[in-house]
Each structure stands twice: as C-alpha cells, then as structure tokens.
Amino acid sequence: MSETTADPTAATHDGRTTPARRGAAYDSAFLRACRNEPVPHTPVWFMRQAGRSLPEYLKVRDGIPMLESCMRPELVKEITLQPVRRHKVDAAIFFSDIVVPLKAVGIDVDIKPGVGPVIADPIRSFEDLRRLRPLEPDDVPYITEAIGLLVDELGGTPLIGFAGAPYTLASYLVEGGPSKNHENTKAMMYGQPELWAALVDRLADITSAFLKVQIEAGASAVQLFDSWVGSLAPDDYRRSVMPASTKVFDAVAEYDVPKIHFGVGTGELLGLMGQAGADIVGVDWRVPLNVAAERVGPGKGLQGNLDPAVLFAPTEVVEAKAREVLDAARALGTSGHIFNLGHGVLPSMDPDALSRLVAYVHEASAR
Ligand code: CP3
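Read on for an overview of the structure. Every value quoted in this text rests on a predicted model; they were computed, and no experiment measured them.

Considerations on the pattern of salt bridges
Consideration 1: What the rule picks out here adds up to 20 salt bridges.
Consideration 2: Here Arg32 and Asp27 are joined by a salt bridge, their closest N and O atoms 2.9 Å apart.
Consideration 3: We classify Asp27 as exposed; its relative accessible area is 54%.
Consideration 4: With its nearest N and O atoms 3.2 Å apart, the salt bridge here joins Asp236 to Arg239. Of this pair, Asp236 and Arg239 both sit in helix α11 (residues 234-240), separated by three residues, roughly a single helical turn.

Printed below as a string of structure tokens:
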C-alpha cells in the first residue's frame, strides 16, 4: 500500500503521513463509531481486557515481573492479542501500563502484584521534580517494536494506544503508590500551586511524547486514562488539571486518530473532560448515558458503561443490563457509542462471561 495524500487513511489533515497499514482498520466498527459514522453493530471492547482474568495470560506472564513484560515486544504482542482471539472484541488495547513512561525516564517505580505502582522516592519538591526529565522516543524502542508487530498481525482490528493523564500519574508520583484520598497530591495542588503546575506540565509533555510514539508506530486510536480524577471538584479540575490534560490532547491533535478520555467517578466532570479535547468521553456506571450525553454536549461520542460487577450476576441479568445500556445509547440517535464496562475487567471475572457479553452486544445491536 502506498502512502499518498489521496488516501484519507494515509495522511493527517496537516499532510503528516501516518503508517499506511493503519488503513486496514479504518472501516472497522470501532473506528467508524469513533467518527460517528453508521456501524454494522455497536463496537465493544473492555478496559483492562488484556491480562488479569485470562488463564493464557497468567501462563505467559509466569515468573516475569509486570514492568519487564511490558519491555518484551513478542510477549506484549501475544498478551495484546489474547483477548481479541478469545472474546472477539472490536479493538485491541496495547498491553503496557500507565507508569511505563515514568520508568523509561528513570523514575524508580515497580508494580507490586495486588497493590499497583509503587514509587521508591515520591516527588514532593522542586528539587525532586528535576528527576522527571522529558521522554524521547529512543527511551521506549520496545513500544515502537511491539506496535509494529501488532498492527501487522491485527489486520482490520484497530489497536488502541493509551497513557495515564497528568493528574493520575501525579497522584502515584506524589503519594508514592496507590491512594484512597490523594491527600499528599491535593496538599501540593492546593498548598504549592506553582510546584503542582510545573509537575503536571512536565507529565503532560511525557504523556504527549508517549502517545505520539504509539501513534507514529501505528496505533489507530488513543485513550487517556485519568482514573483517579473523580476525586476532584469541577472548579479544582478546571483550574489545576484541565490545562495539563488539554496540553496532551493539543499535542496529538495533529494526528488523525480518535481520542478517548476516561476517569472513574467523573459524573460532575464529564463536560469539562470533553472540553479538554477528547472526541469520545468514557462514562462509568454511575451516570446513565442520556445524562452523560447532556453533560458532554453534542459532537462527541460516548464510551461505556456497564457496571463491571454486573458480570458476576447470571447471564440473563448481564444481558438485560447490557440491553439497557444499548437502549440508552440508541435513544440518543447516534452511532457514536462504544460499548465498554464502566471501569476495568476485574481479576476474578469469568472470561466466558466476557465472551458471552461481546456476542450479545453484537447480536442485540446488529443494524
Ligand atoms: O487491557 C489491559 O489491561 C491493557 C493494559 C493495561 C494495564 N494497565 C496492564 C496492567 C492498561 C490499559 C493499564 C492502565 C492502568 N494502569 C491504569 C488505568 C486504568 C484503570 O484501571 O483505571 C491504572 C490506574 C494503572 C496502574 C496499575 N497498574 C494498577 C492499579 C494495577 C493493578 C494492581 C493489581 O495487581 O491489582 C496495575 C498493574 C497492571 N497493569 C496489571 C496489568 C495487566 C496487573 C499486573 C499483573 O498481572 O501482574
């Protein structure tokens, strides 16, 4: 396939050519829904679909620490493909982690099983901030290599690249690990606003660079995870977080790839998160899609929003609840809906229940 500007899949609007092989997924249900074009069925994928509950994942990961596994391109390819093969989801999400770019710039971070990311020396001062240098593409050659392998193999199935948003990354860096109340993070945000602004600005640059590497390598959509931003009030989000998240979306705006933005417990922030620059806003299960649509406003798609815990109920209940999500989306009269869970797959989830849900969504939404 040649990269000519006449091919809409091969060049972005500013003339920057992107890998022509991305064209193979251009007409997939997922990318069509992202563009709000008619779809044969509602596309479905699951946040955290790679790994966790799959026996084939646990087998290939056996004995390999999480962050090390993210640096092995063949392994990354295999783990990314596993849920696509098994569940027949409409998109793959790249197997990596939001802390990979932090590790790549030299931050001492580890992912402890059952805990999450742990940072050896938290960032709490301007002096600490000097340890957070910019990310160069050469810092993550394994990402470029893994995505190259994947897009060749995925063919018409789109690959979603992703990164952590500045607030969520800052919360790990400042707290030193997972946190329920984000007290140190908020203490810095409220008490040392200049340090906070400098921190999230640096993280915005690292995240932008990480997303660009994935897009240049062939990812056909990106999702910015601001998992923990729901802990903020709208005014604080607008003042202290939105400029950094907007900077990330602006940095990748030159590429012709859809941008999804997601956080948990973000009912009050949905409008602002859309304004930060996303094409599609991810919604958790606490806000019905029709209410989310009003908050997000016209011109943007929605992704969500089945409560992950519903998957532990009998199949009839899962299907009835999935139907409610599909009906709510259909009532909006838009093709711009991507079915997903309201947050990620849980480790104890039955993989077969997820496969059945994919088949149900496809069948119940067939146009
Ligand atoms: O579908 C996928 O799972 C794709 C890859 C992916 C991982 N992490 C792999 C992973 C993605 C998209 C993420 C994003 C991520 N990582 C987020 C945002 C998404 C969300 O859930 O809100 C966050 C907050 C993190 C940080 C993180 N990394 C956490 C909280 C954990 C869980 C710790 C645990 O063991 O419960 C991780 C580890 C992690 N990242 C695992 C996987 C598959 C589990 C590690 C393992 O299997 O040993």
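We are not done yet, so read on.
Some points on the site of the ligand
Consideration 1: Taken together, 25 residues lie around the ligand, and Ala50, Tyr57, Asp97, Ser227 and His343 are the ones closest in.
Consideration 2: Here Ala50 contributes a backbone N or O atom positioned 2.8 Å from an oxygen atom of the ligand.
Consideration 3: A distance of 2.7 Å separates an oxygen atom of the ligand from a polar atom in the side chain of Tyr57.
Consideration 4: Here the ligand, which alone exposes 870 Å², has 90% of that area covered by the protein.
Consideration 5: Elements with a contribution of two residues or more to the shell around the ligand: α2 (55-61) and β3 (116-119).
Consideration 6: For the shell around the ligand, a count of residues per class yields 15 nonpolar, six polar and four charged.

Section: the sheet that holds strand β4 (residues 159-164)
Consideration 1: Taken together, the seven strands give an open sheet; going across it, the order is β1-β4-β5-β6-β7-β8-β9, and neighbouring strands pair in parallel fashion. Edge positions in the sheet fall to β1 (92-93) and β9 (337-341), since each has one partner strand and no second.
Consideration 2: Here β4 pairs with strand β5 (residues 221-225) via five bridges, running parallel. Looking across to β5, one finds that Gly161 is bridged to Val222.
Consideration 3: Helix α15 (residues 315-331) contacts β8 (301-306) and β9 of the sheet and is inclined by roughly 155° relative to β9.

Topic: the packing of helix α8 (residues 166-175) against helix α9 (residues 183-191)
Consideration 1: Their axes nearest at 8 Å, the elements α8 and α9 cross at an angle of 110°. By the angle between their axes, α8 is roughly perpendicular relative to α9. Here Tyr167, Ala170, Ser171, Val174 and Glu175 of α8 lie close against α9, whose contacting residues are Glu183, Asn184, Thr185, Lys186, Met188 and Met189.
Consideration 2: Grouping the amino acids of the contact of α8 with α9 by side-chain chemistry returns five nonpolar, three polar and three charged.

A few points about the pairing of β8
Consideration 1: With six of six residues buried, β8 is to be regarded as a mostly interior element.
Consideration 2: By the bridge criterion, three bridges tie strand β7 (residues 280-282) to β8 in an arrangement that is parallel. By the bridge assignment, Val281 is partnered in β8 with Leu302.
Consideration 3: In this fold, the crossover linking β7 to β8 by way of helix α14 (residues 289-296) has right-handed handedness.
Consideration 4: Bridge count for β8 against β9 is five bridges, and the pairing is parallel. Following the sheet pairing, Leu306 is matched in β9 by Leu341.
Consideration 5: Assessed by its sense of winding, the connection that carries the chain from β8 through α15 to β9 is right-handed.

Remarks on the pairing of strand β2 (residues 109-112)
Consideration 1: Taking every second residue as pointing to the same face, the buried face of β2 carries Val109 and Ile111, while none of Asp110 and Lys112 on the other face is buried.
Consideration 2: The sheet contact formed by β2 and β3 spans four bridges and is antiparallel. Note that in β3 the partner of Asp110 across the bridge is Val118.
Consideration 3: From the end of β2 to the start of β3, which pair antiparallel, there are three residues, and Gly114 there has a positive phi angle of about 75°.

Notes on helix α10 (residues 193-217)
Consideration 1: With 25 residues, α10 extends 36 Å from end C-alpha to end C-alpha; this agrees with the ideal 36 Å at 1.5 Å per step.
Consideration 2: Gly218 occupies a position one or two residues after α10 and carries a positive phi of about 130°.

What to know about the packing of α9 against α10
Consideration 1: Packing of α9 against α10 brings their axes to within 5 Å, and their N-to-C directions diverge by 115°. Classified by the interaxial angle, the pair formed by α9 and α10 is roughly perpendicular. Facing α9, whose interface residues are Thr185, Met188, Met189, Tyr190 and Gly191, α10 presents Pro193, Leu195, Trp196 and Leu199.
Consideration 2: Looking at the contact of α9 with α10 residue by residue, the classes come out as seven nonpolar, two polar and no charged.

Cut-offs applied
- Residues numbered from 1 in each chain as written.
- Predicted model: local features only at pLDDT ≥ 70, side-chain atom pairs only at ≥ 80, totals over all residues.
- Heavy atoms only, no water.
- Salt bridge = Lys/Arg side-chain N within 4 Å of Asp/Glu carboxyl O.
- Buried < 20%, exposed > 50% of the residue type's maximum accessible area, 1.4 Å probe, protein only.
- Helix = DSSP H or I, 4+ residues; strand = E, 2+ residues; numbered from the N terminus.
- Near = heavy atom within 4 Å.
- Polar contact = N/O pair within 3.5 Å; in protein donor to acceptor, adjacent residues only side chain to side chain.
- Areas by Shrake-Rupley, 256 points an atom, 1.4 Å probe, with all protein chains shown as cover.
- Nonpolar A, V, L, I, M, F, W, Y, C, P; charged D, E, K, R; others polar.
- Pairing = 2+ DSSP bridges.
- Contact = heavy atoms within 4.5 Å.
- Axes fitted to C-alpha atoms, helices over the stretch in contact; angles between N-to-C directions.
- Parallel < 35°, antiparallel > 145°, perpendicular 65-115°, else oblique.
- Right-handed = clockwise from strand over helix to strand, strands pointing away.
- Expected span 1.5 Å × (residues − 1).

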